[in-house]
Amino acid sequence: MIPVTLEHYLIVSGLLFSLGLAGVMTRRNALVVFMSLELMLNASNLALVAFSRFNGNLHGQVFVFFIITVAAAEVAVGLAIIVALFRRRQTVQVDEITSMRL
Amino acid sequence: MHDQLFWFFSIAMLLSGVLVVLGRNPVTSAMFLVLSLFFMAGLFVLLEAYFLAIIQILVYAGAVIVLFLFVIMLLDLKTENVRQFKRFGAAGALVVAGALAWKLTSVAASILPAAGAKPVVGTTEAMGKLLFTQYLLPFEVTSVLLLVAMVGVVVLSRKETK
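The sections below set out a description of the structure shown in this document. (Residues numbered from 1 in each chain as written. Chains lettered and ligands numbered in written order. Predicted model: local features only at pLDDT ≥ 70, side-chain atom pairs only at ≥ 80, totals over all residues. Heavy atoms only, no water.)

So, about the overall build of chain A. Helix and strand content of chain A: 3 helices and 0 strands. Helices and strands in chain A line up, N terminus first, as α-α-α. A globule of 102 residues ought to have a C-alpha radius of gyration of about 13 Å, yet chain A, at 17 Å, is considerably larger. Dimensions of chain A along its principal axes, counting C-alpha atoms only, are 55 × 30 × 20 Å. A separation of at least 24 residues holds for 53% of the contacts in chain A among residues at least 6 apart in sequence. Carbon and sulfur atoms provide 68% of the accessible area of chain A, an area that totals close to 4000 Å². For chain A, the distance from the average site of its 7 positive side-chain charges to the average site of its 5 negative ones is 11 Å. (Helix = DSSP H or I, 4+ residues; strand = E, 2+ residues; numbered from the N terminus. Rg over C-alpha atoms; globule rule 2.2 N^0.38 Å. Contact = heavy atoms within 4.5 Å. Areas by Shrake-Rupley, 256 points an atom, 1.4 Å probe, with all protein chains shown as cover. Lys, Arg positive; Asp, Glu negative; His and termini not counted. Charge placed at Lys NZ, Arg CZ, Asp CG, Glu CD.)

Structure follows, in structure tokens:
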């Protein structure tokens, strides 16, 4: 069996990112779109940690720490927006929310 | 051992990622998202980023997913019987995502790690030292960001009172 190197981690990360992108573009439920977005963020985290490990440099991991923090803040605000939207429109289907007026 | 675990974690992670995207019920998607993030933490352990692995489980499984489930329960969404995907939109999206995956994997093969680099271990001590010396300002700014997000959430979710 071939030994696992940086390349393998990057391929897994790339596949996960594309998977998240497919989810964001195809799903209509805003909540599931949001979860796919989390997958994309995590794919980039994996790439950063792999680079950090194989290049002998801890700065990539510090960056991932900040990304996780920002992602947590983003989820809180995003879900609040979805709740506010649901109160007004009674739907979270993104293709039913087409007008920019309230 | 390391290699077998790598294959197990990454395949399990990608499979649960597929189930997040395909799940009919948002609750199912959220549960598979937890599973996917858990396997990601396993990969972090394999990469010797121990601190980040614990943070990943604490923040995502402990906070983010709870928030997701809370909102799903709050909105009381029914499993939709209608078509979840638009046919042409889905085909186009799959083409774009497939092209991206193909390009990313082919680029990954050409990236080599720096020669003679010593592998680092992401222990709490090493991370803490960096966070509180070189990255002190970003670290403090992050706390302000979290405060702003908190205020924003309160403002957004407040019921309008006339």
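Residue and element names in this part refer to chain B. Structurally, tyrosine 50 can be placed in helix H3 (residues 50-75). Sequence separation between tyrosine 50 and valine 121 is 71 residues; the distance between their C-alpha atoms is 7.8 Å. In this structure, tyrosine 50 is in contact with Val45, Val121 and Gly122, ignoring residues within four places of it in sequence.

The next point concerns the interface of chain B and chain A. Listed as interface residues are 86 residues of chain B and, on the opposing side, 73 residues of chain A. A buried area of about 6900 Å², summed over both sides, lies between chain B and chain A, and 78% of it is on carbon and sulfur atoms. One can count 1 salt bridge joining chain B with chain A. We note a salt bridge from Glu48(B) to Arg53(A), for which the minimum N-O separation is 3.1 Å. In this structure, the connection of chain B to chain A is made through 9 residue pairs in polar contact (both at pLDDT 80 or more). Sorting the residues of the side of chain B that touches chain A by element identifies helix H1 (2-22), helix H2 (26-46), H3, helix H4 (87-108), helix H5 (124-132) and helix H6 (136-157) of chain B as the ones contributing at least two each. (Buried area = accessible area lost by both parts, 1.4 Å probe. Salt bridge = Lys/Arg side-chain N within 4 Å of Asp/Glu carboxyl O. Polar contact = N/O pair within 3.5 Å; in protein donor to acceptor, adjacent residues only side chain to side chain.)

For the pair helix H3 (residues 59-89) of chain A and H6(B), the least separation of the axes is 9 Å and the interaxial angle reads 10°. With respect to their mutual orientation, H3(A) and H6(B) come out roughly parallel. The segment H3(A) lies against H6(B), with Phe65(A), Phe66(A), Thr69(A), Val70(A), Ala73(A), Ala76(A), Val77(A), Ala80(A), Ile81(A), Ala84(A) and Arg87(A) engaging Pro138(B), Phe139(B), Thr142(B), Leu145(B), Leu146(B), Ala149(B), Val153(B), Leu156(B) and Ser157(B). Split by residue class, the contact of H3(A) with H6(B) holds 16 nonpolar, 3 polar and 1 charged. (Axes fitted to C-alpha atoms, helices over the stretch in contact; angles between N-to-C directions. Parallel < 35°, antiparallel > 145°, perpendicular 65-115°, else oblique. Nonpolar A, V, L, I, M, F, W, Y, C, P; charged D, E, K, R; others polar.)

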